Amino acid sequence: MNPALSELQGLFPPGRLLTRPGELAPYASDALTAFRAQPLAVVLPESHEEVVEAVRWCVRHRIPYVARGSGTSLSGGSLPVEGGLVIGLNRMNRLLRLDPKERLAVVEPGFINLQVSQAAAPYGLYYAPDPSSQPVSTIGGNLAFNSGGAHCLKYGMTSNHVLAARVVLPDGQTVVLGSESLENTGPDWLGLFVGSEGLLGIVTEITLRLLPKPEAYHTVLAAYDALEKAGQAVAAVVASGLLPGAMEIMDALAIEAAEAAVQAGYPREARALLIVELEGEAPQVEAEARYLEEVIRQSGAYEVRVAQSQEERLKIWRGRKAAFSAVGRLSPDYLVQDGVVPRSKLGQALAEIENLSARYGLRVANVFHAGDGNLHPLILYNGRVAGELERAEALAGEILQLCVRLGGSITGEHGVGMEKKAYMPSMFTPEDLEAMQRIRQALDPLELANRGKMFPGDHPPHRPPSGPHPLEKAGVIARE
Amino acid sequence: MSETQPLRPTSVAEVQEAVRAYPRLRARGGGSKPALSTPQNGQTLLEMGGLRGVVEYDPSEYVVVARAGTPLAEVAALLAQHGQYLPFDPPFLAQGATLGGTVAAGLSGPMRQRYGGVRDFILGVELVDGEGRRIRGGGKVVKNAAGFDLPKLMVGSLGRLGLLVELAFKVFPAPKATCTLEVAFPRLEEALETLYRLAGSPIELYALDLVPPATLVLRLGGLSEALPARLERLQSFLGQPGQLREGEAEVAYWQGLNDLGHLGAGALVKVALTARRIPALERVLGPAPRRYLCAGNLLYLAWEGKLEELDALLKAQGLSGLVLRGTAPQPQIGIDLAQVFARKVAAALDPQGRLA
């Protein structure tokens, strides 16, 4: 046996050190199934000290590594480094402390996003970031990729809800970044760390901020005979001075898919649906609802429904949350894109995506967080038809370039990972990227931590045909 | 103080030249936080006021982009014309504070209670690092996950990781109407208990301040037609009517607090904390004028005595502070926040310590 591996055997007991091909297979890819790579081994630490040991072993043997939670990354962020170590954090899944009075939760990195809100619910509190992967994705992964969700315009992303983190740096040293206070008296080191995609270290303990649950919700579903009208309605809501918790749009193809999957009761013939949700103190929400009603009425919606109960509200959201995996019913394969445009350019972006779809001869379904301009075009293709995957990828690339051209971003919430690193130079200058590299190399001169991600220029790994992730097939995760 | 004449760049290129030409630099915007912007030990002063003006503002985007030397007051006035505001409520508007100085000092005000502080609203940054390189991070849209979050890193960076030249912020619609309730309690314990109850409730306050010894100042905001009902609910939650401020007097009350002048003379210090630390702190702070903001997460205080004493006092409490006005060898006082992550990142952006 490889001497490095036998040393690892001394650090991790059998069952928590995986080296056989059959054991490693589930770790070969994440939710971006187009990429696949074979790690040397997987370790499953159960403590901070074991993470430190694993990282130090990697440094001693110059072996690159990636930390992994549930593997729901849509950008290939938790793809193994070929021949490297996977540090699986799912066993570090304890809630260490819940302090309702101070409104914070301290968790290990493998703790599941949705379980934070479940644990906080008896105290009238919740954890705001709600990526669609939240039933399975872990807080550690959410932190590494600064996950978003449907409520980012008003509440921000993961970074706005993390107070402190205990971090194992790429050289094996441990630091604590941040504190329990919302304020700080020096550079925001934690702010830099969150969203660094596993390149600057591994978190082993995270302090999260909890918010009081809103007292009341007002959820409106509006149907339009044109996508453009839904986009204009969003602009009108914003112009009215309202600040909804969420504004979501689905186009005809996405509506069709969602209906087929979960029968949310959406108007099937609609060309576009807009979901707007107000939330807050009851008297304020009631007053805002009257303004919203007027704005929606003037926006040319041909049908408007207001959820009259919590059940009706959840039904409206069920269709929206199911839309991504539901698109799988319409097509053997699909790619999920994640780009951002300024909200006022939504209409233009959608029109151009429609043109691109026609030019490439591939259907594109659109589901997006309209409130923050975050587009999620789903590009439908058949992997068995020669060249279709490549066409779909080329189309996806054009959409990203379009987002940058319109003044937006190549990713709103999925991160750069493997998938988008080639597009970083379209958003950042060589000097910008070099500065980020300098920061990375200062902390990780050997470039061991999640090597090959975020920065352009590294070799792509093996590319077998894509298809749904096993967890996705089982309906456990959704691509968003 | 300064051994050389101040430099007054009017372009990013001139900032780059200055960094390359001088061994040690200290940036200054409006000078409203002199402890952070006064050159020391041979530093050359860089007056950033020449990099001024709003670059992009489309109210429907909720985004404003401006050069770092732009006064806050100029941005606030422009936003107000469109019914919007800077939700982190930065201090020192009338003292000429700039966007860049506010970010570098990492300062927010009472209304950060509602939606968050300056770190929660910064979207993008352009800076010149310690080698004179021009670097951008973040973007100009409200949601973005591309690359390292350099904008957040700059919050509280005190000009030591880079000289800020352009900044992008998320902004929000301002509340259409506001009112303020002042509620006095017999003892600190009771005030704190109510503070915790409020902070954990769905009542949405624009400000939740504690004025020692035991008074809470609460600001409600939103649609005017909903405000009376919400005020009534708040009063019943508190179990007492409190003292109400409304209309122009209410707006003037908060404007009057913006310069922190109500704290009086002495060194002006910001302390980061949580409400849990307040009882112990209250026992040792003596007569120093002070006010706790944002449900006990932020303390501004005026210190008449020696700053060394406050430094020791904060250390004993396990807290960190930042001197904004007053003479201290180092503006960062209290517990030492230095660690290896910080040292390495600082060395990557300013290897020769020109900005240190």
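Model, not experiment: these values are computed from the prediction.

The rules behind each value
Residues numbered from 1 in each chain as written. Chains lettered and ligands numbered in written order. Predicted model: local features only at pLDDT ≥ 70, side-chain atom pairs only at ≥ 80, totals over all residues. Heavy atoms only, no water. Helix = DSSP H or I, 4+ residues; strand = E, 2+ residues; numbered from the N terminus. Buried < 20%, exposed > 50% of the residue type's maximum accessible area, 1.4 Å probe, protein only. Polar contact = N/O pair within 3.5 Å; in protein donor to acceptor, adjacent residues only side chain to side chain. Contact = heavy atoms within 4.5 Å. Arc of directions from axis to C-beta. Domains from an automatic or database assignment. Buried area = accessible area lost by both parts, 1.4 Å probe. Salt bridge = Lys/Arg side-chain N within 4 Å of Asp/Glu carboxyl O. Nonpolar A, V, L, I, M, F, W, Y, C, P; charged D, E, K, R; others polar. Pairing = 2+ DSSP bridges. Core = buried A, V, L, I, M, F, W, Y, C linked by side-chain atoms within 4.5 Å.

### Structural notes on the side chain of S196(A)
Considering the arrangement of structural elements, one finds S196(A) in the loop between helix 7 (189-193) and strand 10 (202-209). Take S196(A): its relative accessible area is 1%, and that puts it in the buried class. Only 2.6 Å separates the side chain of S196(A) from the backbone oxygen of F193(A), close enough to count as a polar contact. The residues contacting S196(A), other than those within four sequence positions of it, are A144(A), M454(A) and F148(B).

### Quick word on helix 3 (residues 72-81) of chain B
All names here are of chain B. Among the residues making up helix 3, those that are buried are L72, V75 and L79. Within helix 3, the buried residues cover an arc of 70 degrees as seen down the axis, which keeps them to one side. Turned more than 90 degrees away from the buried face of helix 3 sit A80 and Q81, all of them exposed. Where helix 3 is buried, its residues touch strand 3 (54-58), strand 4 (63-67), strand 5 (84-85) and helix 4 (99-105). G83 sits one or two positions beyond helix 3 and adopts a positive phi of about 70 degrees.

### Description of the domain arrangement of chain B
Residue and element names in this part refer to chain B. Looking at the assigned domains, one finds that chain B contains domain 1 (54-173), domain 2 (177-257) and domain 3 (261-334). Taking the mean C-alpha position of each, domain 2 and domain 3 sit 24 Å from one another. Of the residues lining the interface, 14 residues belong to domain 2; the matching set on domain 3 comes to 13 residues. Taken together, both faces of the contact between domain 2 and domain 3 bury some 1,100 Å²; the carbon and sulfur share is 61%. Looking at the side of domain 2 facing domain 3, the largest losses of area belong to L210, P212 and L257, adding up to 37% of the total buried there. At the junction of domain 2 and domain 3, the tally comes to one salt bridge. One salt bridge in this structure joins D209 and R291, with 2.8 Å as the shortest N-O distance. Per-class residue counts for the side of domain 2 that touches domain 3 are 13 nonpolar, no polar and one charged.

### Describing the pattern of salt bridges
Residue and element names in this part refer to chain A. Here the structure, examined in full by the defined rule, presents 50 salt bridges over all chains. Where E248 meets R320, a salt bridge forms, and the shortest distance between an N and an O atom there is 2.6 Å. Taken as a pair, E248 in strand 13 (residues 246-251) and R320 in helix 11 (residues 310-327) lie far apart in primary sequence, 72 residues in all. Residue classification places E248 among the buried residues on the basis of a relative accessible area of 1%. With its nearest N and O atoms 3.3 Å apart, the salt bridge here joins E352 to R405. Of this pair, E352 sits in helix 12 (residues 346-360) while R405 sits in helix 13 (residues 388-405), and the two are 53 residues apart along the sequence.

### Side note on the pairing of strand 14 (residues 267-272) of chain B
All names here are of chain B. Across the six residues of strand 14, six count as buried, placing the element largely inside the fold. Burial along strand 14 is two-sided: A267, V269 and V271 and L268, K270 and A272, pointing in opposite directions, are all buried. The pairing of strand 14 with strand 16 (residues 298-303) spans six bridges and is antiparallel. Among the inter-strand pairings, V271 is bridged to a residue of strand 16, identified as L299. Judged from the five bridges that link them, strand 14 and strand 17 (residues 320-325) form a sheet pairing that is antiparallel. Of the residues in strand 17, the one forming a bridge with L268 is R325.

### Thoughts on the nonpolar core
Grouped together as the largest cluster of nonpolar side chains are 151 residues, with contacts concentrated most on F148(B) and F341(B). F148(B) has contacts with L192(A), S196(A), L199(A), L200(A), M436(A), I439(A), R440(A), M454(A) and F455(A), leaving out every residue within four places of it along the chain.

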